[in-house]
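Fold and contact review
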Amino acid sequence: MKYIFVTGGVVSSLGKGLAAASIGTLLEHRGLKVLMQKFDPYLNVDPGTMSPFQHGEVYVLNDGAETDLDLGHYERFTSGELTRLNNLTSGQVFDSVIRKERRGDYLGTTVQFIPHVTDEIKIRLREVTQNNPDVNVLITEIGGTVGDMEGLLFIEALRQFALEVGKENVCFIHVTLLPLIKAAGEIKTKPTQQSVAKLRELGIQPDIIICRTEADLDEDNRRKIAMFCNVEAKNVVAFRDVAHTIYECPLDLRRDKIDRLVVDKIGLGHTPAPALEDWERFVQRIIHPKHKVTIAVAGKYGLQDAYKSIYEALIHAGALHNTKVKIQRIDVEDIEERGAREVIGEVDGILVPGGFGERGIEGKIAAAQYAREERIPYFGICLGMQVAVIEFARNVCKLKGANSTEFEKATRHPVISLQEEQIGVEDMGATMRLGACESYLIADTLAHQLYGGAKTIRERHRHRYEFNADYRDRVEEGGMVISSLSAKEGLVEIVEIPAHPFFIGAQFHPEFQSKPNRAHPIFAGFIGAALEYARK
Ligand code: GLN
């Protein structure tokens, strides 16, 4: 296996994850088998317990691992199957070292940062290598910025690892910022020089420097960076702000032939130039759409990053329909104050995403009601499905005060409630219903039709509460149809309202499996219905 390690300097939010993912895309299009992973230096064991305000979306893998949202980019930009081994945090590293120490595995030795903690990091690299014998290139992104205290052990582990596997098998890429000082009209290279100096202090000489820039990188600056950072000028690569979509990133990095530089460094120079026609066509469909729809996303975590995969899945489905999807972000607490009609107004579809806790819940319920009554296409995801059921129970089935026990323990009608095995769970980390599981589709339903007549599907979950089986009959009598049940426990996975042009709620997270050129069927159907609605 060959290894690419991607570090970042100067500031965070540079697009290091996108740069790493884009390199993955380019190498994959050269015919290489690529696998991606992320090392996150923070102390949480995983981001599952972090607030979306802090950390953005928690991305869930098939095996149920709750991971950093960059893994979402990896899965959208490359096809390698990721598992819990592909996201390592300091929390996991220390947890493992301490458990080994208590077990007596290190008996007789003083347990130290070097070698015991760094060894633990290298063990993970070896584990991933062993588990993926057919992979040609492993790309590992290191979270944070070089110079952060919490990242030091990771950098040191990589330095050692490169020596052990041979430097010819490793490519170090450092992503930095070239700020444009507007008043002087100049691009500044000093932060890049200093950040590379910091990396070299830690024993790592980058092979390639990726410079994030608003403007272009002129030859003078390229040479200057090359000289001060001790690399060849051709190995200083520009990563410009893309104009329309993140899917342009691989194409932008290709302009400076980054994939060529990488394969030359790691001895894979014989591979052909990447065949990017499909990718380019996909990007063109995003840039030059024929139609347009407006979708209200009625959430409560403000931040751009909290619903990342949903926005991406909407873009994929838009591209499929040659349609620009304009996203109107709605704060559900506004709905509570001013009403759904006032806040949402004229849109072509309403999507209520997942979430936790009581805040804003009545606003979400009102959004579902507005969509149902106004016959606007509705797509509820996880909590968005649960609120659709609550709304339907209250207003159609006349189950007064229906609610989820998450928000009202003693509700008269707990239409959404805890599964037996969730009762008594005390640890909050990694204890939800997590990861992919199989479910049946019921014939002659919208879901069945959207999935092209498939009998079973596998979708990823992340929730604690479920549709309460005691209420199935009453809700179905009211006209809501249950169109999918989990294979193992018979839990309700999809609900829909046949009397409505397009009303669907999924207990799982379809957004995690949508890809460019392979839009998720429910998202595809939703955007199709929104287009239809817009035409009328
Ligand atoms: N809070 C709900 C639950 O735990 C929904 C979770 C979600 O939307 N991801 O079941």
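Now for a quick tour of the structure. Since the structure is predicted, the reported quantities are computational estimates derived from the model, not experimental observations.

**Overview of the sheet that holds strand E11 (residues 236–240)**
If you walk across this open sheet you meet the seven strands as E5-E2-E6-E1-E7-E10-E11, and the pairing is parallel. Across the chains shown, the open sheet's two edge strands, defined by having one partner strand only, are strand E5 (87–89) and E11. Across the sheet, the axes of successive neighbouring strands diverge by a mean angle of 20 degrees, strand direction being ignored. Bridge count for strand E1 (residues 2–8) against strand E6 (residues 137–142) is five bridges, and the pairing is parallel. Note on E6: the bridge partner recorded for Lys-2 is Val-137. Helix H5 (residues 113–131) rests against E1, strand E2 (34–40), E5 and E6 of the sheet, and its axis sits at about 160 degrees to E2. The strands that helix H6 (residues 152–165) touches are E1, E2, E5, E6 and strand E7 (170–177); relative to E1, the one it contacts most, it runs at about 155 degrees.

**Focus: helix H16 (residues 383–395)**
End to end, H16 covers 18 Å across 13 residues, agreeing with the expected 18 Å (1.5 Å per residue, within 8%). Of the residues making up H16, those classed as buried are Leu-383, Gly-384, Met-385, Gln-386, Val-387, Ala-388, Val-389, Ile-390, Glu-391, Phe-392, Ala-393 and Arg-394.

**A word on the nonpolar core**
Formed by 77 residues in total, the largest nonpolar core has its most connected members in Ile-4, Leu-27, Ile-139, Ile-210 and Val-262. Ranked by the residues each element gives to this core, the list is headed by H6, at eight residues. Aside from chain neighbours lying at most four places away, what touches Val-262 is Ile-4, Ile-23, Leu-27, Cys-171, Ile-173 and Ile-208. Of all hydrophobic cores here, the second largest spans 44 residues; its members include Val-347, Leu-399, Ala-402 and Val-415.

What counts and what doesn't
- Residues numbered from 1 in each chain as written.
- Predicted model: local features only at pLDDT ≥ 70, side-chain atom pairs only at ≥ 80, totals over all residues.
- Heavy atoms only, no water.
- Pairing = 2+ DSSP bridges.
- Helix = DSSP H or I, 4+ residues; strand = E, 2+ residues; numbered from the N terminus.
- Axes fitted to C-alpha atoms, helices over the stretch in contact; angles between N-to-C directions.
- Contact = heavy atoms within 4.5 Å.
- Expected span 1.5 Å × (residues − 1).
- Buried < 20%, exposed > 50% of the residue type's maximum accessible area, 1.4 Å probe, protein only.
- Core = buried A, V, L, I, M, F, W, Y, C linked by side-chain atoms within 4.5 Å.

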